[in-house]
Amino acid sequence: MSGIARRLYRGEVDVDFVGRKKLWYGLSAVLLVISIAGLVLHGLNLGVEFKGGSVFSFKAPAADIQEVRGTFSDAGVHQIIAQTTNNGWRVTTESLPPEEVTTVQKSVAQKFGLPQNQVNLQVIGASWGGQVADKAVIGLIVFMLAIILYLTLAFEWKMALAAVVALLHDLVITAGVYAWSGFEVTPATLLGFLTILGYSLYDAVVVFDMIKEVTAKLGTTSKMTYTQAANNALNHTLIRSLNTTLVAILPVAAILFIGTTLFGAGTLKDLSLALFVGMIVGTYSSLCVATPLLVTLKERESRYQAIARRLAAHGSAAKSTRQPVTAGAANGSVPETDKRGKKK
């Protein structure tokens with residue numbers, strides 16, 4: 001295991017990402033079907049900010065969650081989401097009429113020995129969450145259009161299409177995780193979803209930039225096909241992508257797993273789960289979805305088909321994806337200076 005890690009760090013691992021595109025497409029299809037099934041069968045557990053409801057907060061450091069839930073259930077409440085806060089509890093319920101609110105406050109005060117006025121109530125309407133959702137959808141549409149325009153101008157429309165497909169892939173799978181896990185979707189979750197877009201796009205742009213550089217001067221005398229050159233570029237950005245993901249995901253994982261278990265970080269949990277899942281899926285999609293899809297589109301161009309036919313006819317298509325020649329050269333290899341982590 002340590003040997004693989006060492007070779008990976010030195011950039012000596014050669015993975016045929018593009019050649020295994022059917023495997024990646026199949027895996028992504030399965031994940032998407034599972035995610036969509038979760039969204040259809042279970043839907044998203046929308047928070048009180050979207051549905052509206054009543055939020056009770058009170059201090060009862062000695063109470064456990066069964067006592068808290070039992071107290072609200074005995075008072076006639078049906079939907080109960082209990083969360084710990086600093087020395088207290090935050091309990092979210094469905095929208096309750098005023099007389100039932102008073103009953104709940106009395107029950108909580110009596111159960112935990114509190115004055116009734118220390119059982120605080122916050123009533124949240126559904127309209128605020130609806131406004132947040134509408135603005136998030138508008139932000140998503142503007143973001144997608146801006147990304148398509150930028151990638152088309154900076155690279156080409158085929159790269160823009162591949163990047164957008166990867167982004168949608170990441171969003172659906174992340175939403176599916178929320179649907180199956182039952183994690184509450186709050187405005188903080190929406191912020192996490194929008195952050196995923198930026199992270200996933202960054203990884204795809206890094207890979208596409210290397211592919212553009214490597215394949216820029218593939219010509220009639222090239223010794224590599226577009227597929228091989230793209231896979232070569234992908235392998236040379238692999239360690240960079242993995243390092244970036246590892247560095248970014250460690251603090252997010254700390255917030256998600258340690259923060260939620262030790263400190264009950266409710267809002268941070270809503271945000272960090274979306275980031276945690278999105279970063280992992282985003283790294284996968286930039287390597288195994290966006291690039292193979294781009295190669296599929298590019299290999300349909302006549303000049304790349306001609307290269308592939310010529311190399312196939314002469315039986316000289318490079319079997320190795322690593323050819324240490326200058327970027328932009330006719331054989332489409334990656335410059336030595338761009339080999340991340342290569343042992344000197």
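Residues numbered from 1 in each chain as written. Predicted model: local features only at pLDDT ≥ 70, side-chain atom pairs only at ≥ 80, totals over all residues. Heavy atoms only, no water.

As recorded in an unreviewed UniProt entry, the chain goes by the name Protein-export membrane protein SecF, listed as coming from Streptosporangium brasiliense. Under Subcellular location (unreviewed entry), UniProt gives the following word-for-word description of the chain: "Cell membrane". What UniProt states about the chain under its Sequence similarities (unreviewed entry) heading is, verbatim, "Belongs to the SecD/SecF family. SecF subfamily." (UniProt positions renumbered as here; feature names shortened; annotations may be inferred.)

J.: Could you clarify how one ought to interpret the layout of surface pockets in this entry?
T.: One simple way to see leftover space: roll a probe sized like a water molecule over the atoms. Estimates place the volume of the largest pocket at around 310 Å³. Along its surface, the largest pocket is lined by 15 residues, and A136, V137, L140, L190 and F193 are the ones closest to its centre. Among the secondary structure elements, those contributing two or more residues to the lining of the largest pocket are helix 6 (126–154), helix 7 (157–181) and helix 8 (187–215). For the lining of the largest pocket, the element with the highest residue contribution is helix 8, accounting for five residues. Broken down by class, the residue content of the lining of the largest pocket amounts to 14 nonpolar, one polar and no charged. (1 Å grid on protein atoms, 1.4 Å probe; cavity = no way out; pocket = protein on both sides within 12 Å on 5 of 7 lines; lining within 4 Å. Points joined across faces, edges and corners; volume = space filled by probe spheres on them. Helix = DSSP H or I, 4+ residues; strand = E, 2+ residues; numbered from the N terminus. Nonpolar A, V, L, I, M, F, W, Y, C, P; charged D, E, K, R; others polar.)

J.: Explain the UniProt feature "transmembrane region" (unreviewed entry) in the chain to me, please; I cannot follow it from the model alone.
T.: The UniProt record annotates "transmembrane region" (unreviewed entry) at residues 23–44, 136–153, 160–181, 187–208, 246–265 and 271–295. Structurally, residues 187–208 comprises 100% helix and 0% strand, and the distance from its first C-alpha atom to its last is 32 Å. Helix and strand shares over residues 271–295 are 100% and 0% respectively, and the end C-alpha atoms of the span are 34 Å apart.

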